[in-house]
Amino acid sequence: MPQTLRIGLVFNYSLSYCRAILRGIKRYAQARPNWIFAPVEPDARGLRLLKSLRPAGIIAHIYTSRLASALAAPRLPLVNVCGVLSNLRIPRVGLDDTAIGHAAANHFLDRGLRHFAFVGHLNHGYSIRRQAGFEDAIRRAGFRVTNYHESSATFVPRGQLWSMDPRLLKWLASLPKPTGILACNDLWGAQISEACRQAGLVVPDHLAIVGVDNDDLLCELARPSLSSVAVPAEAVGYHASELLEQLMARGKPTREPILLPPGSVITRCSSDILSVSDPDVAAAIRVIRQHSHEPLRTGNVLEVVPVSRRSLERRFRRALGRGIGEEIRRSHIEKARNLLASTDLPMSEVARHSGFSESKHLSVAFKQEVGMTPSEYRRQTRTLSQI
């Protein structure tokens, strides 16, 4: 019978992101009945308890230097799943924060927005990287980003919801309308939405908001509901467990963090906006998005928007920088990405529900647009139901 291995789990259990990571750890351990867990809080009492239990290895959400020092001191196999601290020499599995910034930027650009802002933490690694990715994509599109940073340097795991800083209200009111705002996480996205309500700003007409993590409960509690970049948090837990097992077998720690790509932006009311001044182009885009689950051709759009094909094509390119056919294809691919990331539908059904006649047509178009096959995308972005 294999030796029992006690695995320490040091997490803030109130965070949805942490709970999703724990589900991934649980899934990995289903094939390892000799793994037993010691879940503790990241405080002095929890760490004393963990030390007395003598774990074989630890997976932790390490968000302070003090916690990092305490966990590293026993020299046990240790894996970090938090991106707050940038310079830790502890093996880490996490998210590709730069790609998260890119995904949010493309979401806003696709909606015709021309003003952009970021809200986050000045001293937190994950926020800095998300801001950099967002700014990079926006800059390459020919625009710039305005930033607001939380004044506190301290990471507060439970967030500071509804403790409105007058600075934030004043800054939001000063932004041009409409502006697309990327919040560094859903906690901040929900807070920005509430701040807009207090300041008399209409979401998404004045300010469109996207968060990160796709915490479905928090996103649906926000008013209006919050759009968010989906992240593979369970996959982080799964791969962190895999890495810990290698370290416990005396494998060499990885020098670079293992970073997993985000899924797509899950669109809810907070970013459901079309910032296009040409009414015919706006009407055409609405038709395309409303029918993204159906086969659609340019002729179908022209049946609803009664202008000449040549005129609409020219005006479309002037407004969005792409043609009608490209927008139809982009809308179908976005629909497929959402289905791949959030459902277990077989590929034939994903194709049918995203406007493709069969799965091989989806596969060709998807790889051209995304750079990987639909199956590869699902493996990287799903929360482990396919792992």
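Details of the structure are given in the entry above.
Residues numbered from 1 in each chain as written. Predicted model: local features only at pLDDT ≥ 70, side-chain atom pairs only at ≥ 80, totals over all residues. Heavy atoms only, no water.

Participant: Kindly report on the sheet that holds strand S1 (residues 5–10), identifying the contributing residues and their values.
Facilitator: The four strands are arranged S2-S1-S3-S4 in an open sheet whose pairing can be described as parallel. Taken across any chain shown, the strands that pair with only one partner, and hence form the sheet edges, are strand S2 (35–40) and strand S4 (78–80). Across the sheet, the axes of successive neighbouring strands diverge by a mean angle of 20°, strand direction being ignored. Where S1 meets strand S3 (residues 57–60), four bridges bridge the pair, whose relative direction is parallel. Bridge pairing in S3 places valine 10 opposite alanine 60. (Pairing = 2+ DSSP bridges. Helix = DSSP H or I, 4+ residues; strand = E, 2+ residues; numbered from the N terminus. Axes fitted to C-alpha atoms, helices over the stretch in contact; angles between N-to-C directions.)

Participant: Talk me through helix H3 (residues 65–72); I want residue IDs and the actual numbers.
Facilitator: An α-helical turn contains 3.6 residues, so a residue and the one three or four places further along point in the same direction. Residues of H3 that are buried include every one of Leu67, Ala68 and Leu71, and no others. Along the long axis of H3, the arc covered by the buried residues comes to 100°, so they all point the same way. In H3, the exposed positions that point more than 90 degrees away from the buried face belong to Arg66 and Ser69. Those residues of H3 hidden inside the fold are in contact with S1, helix H2 (44–53), S3 and S4. (Buried < 20%, exposed > 50% of the residue type's maximum accessible area, 1.4 Å probe, protein only. Arc of directions from axis to C-beta. Contact = heavy atoms within 4.5 Å.)

Participant: Can you break down the nonpolar core residue by residue, with the values?
Facilitator: It is characteristic of soluble globular proteins that their nonpolar side chains tend to be buried jointly. Core analysis: the biggest nonpolar cluster contains 86 residues, and Phe11, Leu71, Phe134, Leu172 and Ile192 have the highest contact counts within it. The leading source of residues in this core is helix H9 (residues 233–248), at nine residues. Not counting the four nearest positions on each side in its chain, leucine 71 is found in contact with Val10, Leu47, Leu50, Ile58, Ala60, Ile62 and Leu78. Within the second largest apolar cluster, 17 residues are counted, among which are Val301, Leu302, Phe316 and Ala319. (Core = buried A, V, L, I, M, F, W, Y, C linked by side-chain atoms within 4.5 Å.)

Participant: An account of the pairing of S2 is requested, with residue identities and associated values reported.
Facilitator: A regular strand carries its side chains on alternate faces of the sheet. Where S1 meets S2, six bridges bridge the pair, whose relative direction is parallel. Bridge assignment links leucine 9 to a residue of S2, and that residue is proline 39. Traced from S1 through helix H1 (residues 16–29) to S2, the parallel crossover comes out right-handed. (Right-handed = clockwise from strand over helix to strand, strands pointing away.)

Participant: An account of the pattern of salt bridges is requested, with residue identities and associated values reported.
Facilitator: Two side chains that carry opposite charge are able to pair once their charged atoms sit near each other. In total, this model carries 20 salt bridges according to the counting rule given. A salt bridge links glutamate 245 to arginine 32; the shortest N-O distance between them is 3.0 Å. Pair noted here: glutamate 245 is in helix H9 and arginine 32 is in the loop between H1 and S2, with a separation of 213 residues, a long-range link. Classification of glutamate 245 by relative accessible area gives partly exposed; the value is 28%. Where salt bridges share partners, they join Asp110, Arg111, Arg289, Arg322, Glu327, Arg330 and Glu334 into one cluster. (Salt bridge = Lys/Arg side-chain N within 4 Å of Asp/Glu carboxyl O.)

Participant: A description of the environment of asparagine 80 should follow, citing residues and the corresponding values.
Facilitator: In this fold, asparagine 80 is placed in strand S4. Measuring from C-alpha to C-alpha, the distance between asparagine 80 and glycine 263 comes to 22 Å, with 183 residues separating the pair along the chain. Non-local contacts of asparagine 80, meaning those with residues more than four positions away in its chain, are made with Ala60, His61, Ile62, Leu88, Ile90, Pro91, Arg92 and Val93. From its side chain, asparagine 80 meets the backbone nitrogen of isoleucine 62 in a polar contact 3.0 Å long. A distance of 3.0 Å separates the side chain of asparagine 80 from the backbone nitrogen of cysteine 82, its partner in a polar contact. (Polar contact = N/O pair within 3.5 Å; in protein donor to acceptor, adjacent residues only side chain to side chain.)

Participant: Please give an account of the sheet that holds strand S7 (residues 145–150) that cites residues and values.
Facilitator: Spatial ordering of the open sheet is given by S7-S6-S8-S9-S10-S12, a layout of six strands whose pairing is mixed. Of all the strands in the sheet, the pair left with one neighbour each is S7 and strand S12 (265–266). Across six bridges, the pairing between strand S6 (residues 116–121) and S7 is parallel. In the strand pairing of S7, valine 119 is matched with tyrosine 148.

Participant: For the packing of helix H6 (residues 166–174) against helix H7 (residues 186–199), give the residues involved together with the corresponding values.
Facilitator: Two numbers describe a pair of packed helices, the interaxial angle and the distance between the axes. Across the interface, H6 lies against H7 with an axial gap of 10 Å and an inter-helix angle of 75°. One element, H6, and the other, H7, form an angle in the roughly perpendicular class. Listed contacts from H7 to Leu168, Leu169 and Leu172 of H6 are Trp188, Gln191, Ile192, Ala195, Cys196 and Gln198. The residue makeup of the contact of H6 with H7, split by class, is seven nonpolar, two polar and no charged. (Parallel < 35°, antiparallel > 145°, perpendicular 65-115°, else oblique. Nonpolar A, V, L, I, M, F, W, Y, C, P; charged D, E, K, R; others polar.)

Participant: Please give an account of unusual backbone geometry that cites residues and values.
Facilitator: Residue lysine 177 is joined to proline 178 through a cis peptide bond whose omega torsion reads -5°. In this structure, proline 178 sits in the loop between H6 and strand S8 (179–183). Residue proline 224 is reached from arginine 223 by a cis peptide bond, and omega for that bond is 0°. Mapped onto the fold, proline 224 is located in the loop between helix H8 (216–221) and strand S10 (227–230).

Participant: Describe the side chain of asparagine 185, naming the residues involved and giving the relevant values.
Facilitator: Structurally, asparagine 185 can be placed in the loop between S8 and H7. Within the structure, the side chain of asparagine 185 is placed 2.9 Å from the backbone nitrogen of tryptophan 188, a separation counted as a polar contact. Ignoring sequence-local partners within four residues, the contact set of asparagine 185 consists of Tyr126, Gly211, Val212 and Asp213.

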